[in-house]
Amino acid sequence: MPAREGRAVTVAAGQRVRVVDLEGGQVGDLFAFGAGDVTEHLSASHTRSHTSRLFPAVGEQFVTNGRRPILTLVSDTSPGWHDMLIAACDPARYAALGVREAHASCAENLRRSLATLGLAVAVTPQPVNVFMRIPVRESGELGRLPAAGRPGDAITFEAAMDCVVVVSACPQDLVEINGNSPTSLAVDLLPGRHDIQGVRTA
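What you are looking at is a predicted structure, and each value in this text was computed from that prediction instead of being measured. (Residues numbered from 1 in each chain as written. Predicted model: local features only at pLDDT ≥ 70, side-chain atom pairs only at ≥ 80, totals over all residues. Heavy atoms only, no water.)

1. As for the overall build of the protein chain
Then step 1. Along the protein chain, the regular secondary structure elements total three helices and 12 strands.
Then step 2. Relative to the globule expectation of 17 Å for 202 residues, the C-alpha radius of gyration of the protein chain, 16 Å, shows essentially globular dimensions.
Then step 3. In terms of overall dimensions, the protein chain has C-alpha extents of about 45 × 35 × 35 Å along its principal axes.
Then step 4. Residues counted as buried form 50% of the 202 residues belonging to the protein chain.
Then step 5. Intrachain contacts of the protein chain at a sequence separation of at least 6 include 75% that bridge at least 24 residues.
Then step 6. Just so you have it, the protein chain exposes about 9100 Å², and 50% of that area is on carbon and sulfur atoms.
Then step 7. For the protein chain, the centre of its 18 positive side-chain charges and the centre of its 21 negative side-chain charges are spaced 1 Å apart. (Helix = DSSP H or I, 4+ residues; strand = E, 2+ residues; numbered from the N terminus. Rg over C-alpha atoms; globule rule 2.2 N^0.38 Å. Buried < 20%, exposed > 50% of the residue type's maximum accessible area, 1.4 Å probe, protein only. Contact = heavy atoms within 4.5 Å. Areas by Shrake-Rupley, 256 points an atom, 1.4 Å probe, with all protein chains shown as cover. Lys, Arg positive; Asp, Glu negative; His and termini not counted. Charge placed at Lys NZ, Arg CZ, Asp CG, Glu CD.)

Structure below.
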């Protein structure tokens, strides 16, 4: 997945999907939707209520706005920073940062990626921002630090239901979450109960 772009993949229940930080220091916005009904989606707020945690941990499940498990975090070789507080970047965010020309965004990457599967959503859900380093300070303020991932670091999820997973290699280059220089990610579909071999998206 080239820098600043997104991809959508269909994932069967029991199958695993892995997001790989190919060059290090890159954030990915991850979204997941029920395969049969995209109005049911991975919900960060419902997941925080379900796990009683601000940030995800290996072994825990992400749930939907219908409070059903959709993904389980099964493996993480990165330093473990993954955010569930910051909204996906969108054209309005870049306009507020002073951008006047067109700028790629995770919200637009979601829309385009879903369109390749003939799908659309009316609202951009809160993503799971994999590899994104957002510390919560004692004052209650949120920090925005460069991603600490190293080349080849990966986070792996197992689907708890048939779903569509979208990952955007975040295009943010005006704050330092990507070190001001977005790079590429990969999404690997790993063997599941009905698969023979894994597949990497382009």
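2. Some points on the nonpolar core
Soluble globular proteins: nonpolar side chains tend toward being buried together.
Then step 1. Residues Phe62, Leu71, Phe157 and Val165 are the most contacted members of the largest nonpolar core, which totals 28 residues.
Then step 2. Elements represented by at least two residues in this core include exactly strand S1 (6-11), strand S2 (16-21), strand S3 (28-34), strand S6 (69-76), strand S8 (128-130), strand S9 (153-159), strand S10 (163-169) and strand S11 (185-190).
Then step 3. The element contributing the most residues to this core is S10, with four residues.
Then step 4. With residues up to four places along the chain from it excluded, the contact list for leucine 71 reads Leu30, Ala32, Leu42, Glu60, Gln61, Phe62, Phe157, Glu158, Ala159, Ala160, Cys163 and Val165.
Then step 5. Judged by nonpolar contacts, the second largest core, of 21 residues, contains Ile134, Cys170, Val175 and Ile177. (Core = buried A, V, L, I, M, F, W, Y, C linked by side-chain atoms within 4.5 Å.)

3. Describing a nonpolar patch on the surface
Then step 1. Together, Leu54, Val136 and Leu142 give the surface a local cluster of nonpolar side chains, amounting to about 220 Å² of exposed area.
Then step 2. Accessibility expressed as a relative area gives 33% for leucine 142, which makes it partly exposed. (Patch = residues over 30% accessible without salt bridge, like charges linked within 9 Å, V, L, I, M, F, W, Y side chains within 5 Å. Salt bridge = Lys/Arg side-chain N within 4 Å of Asp/Glu carboxyl O.)

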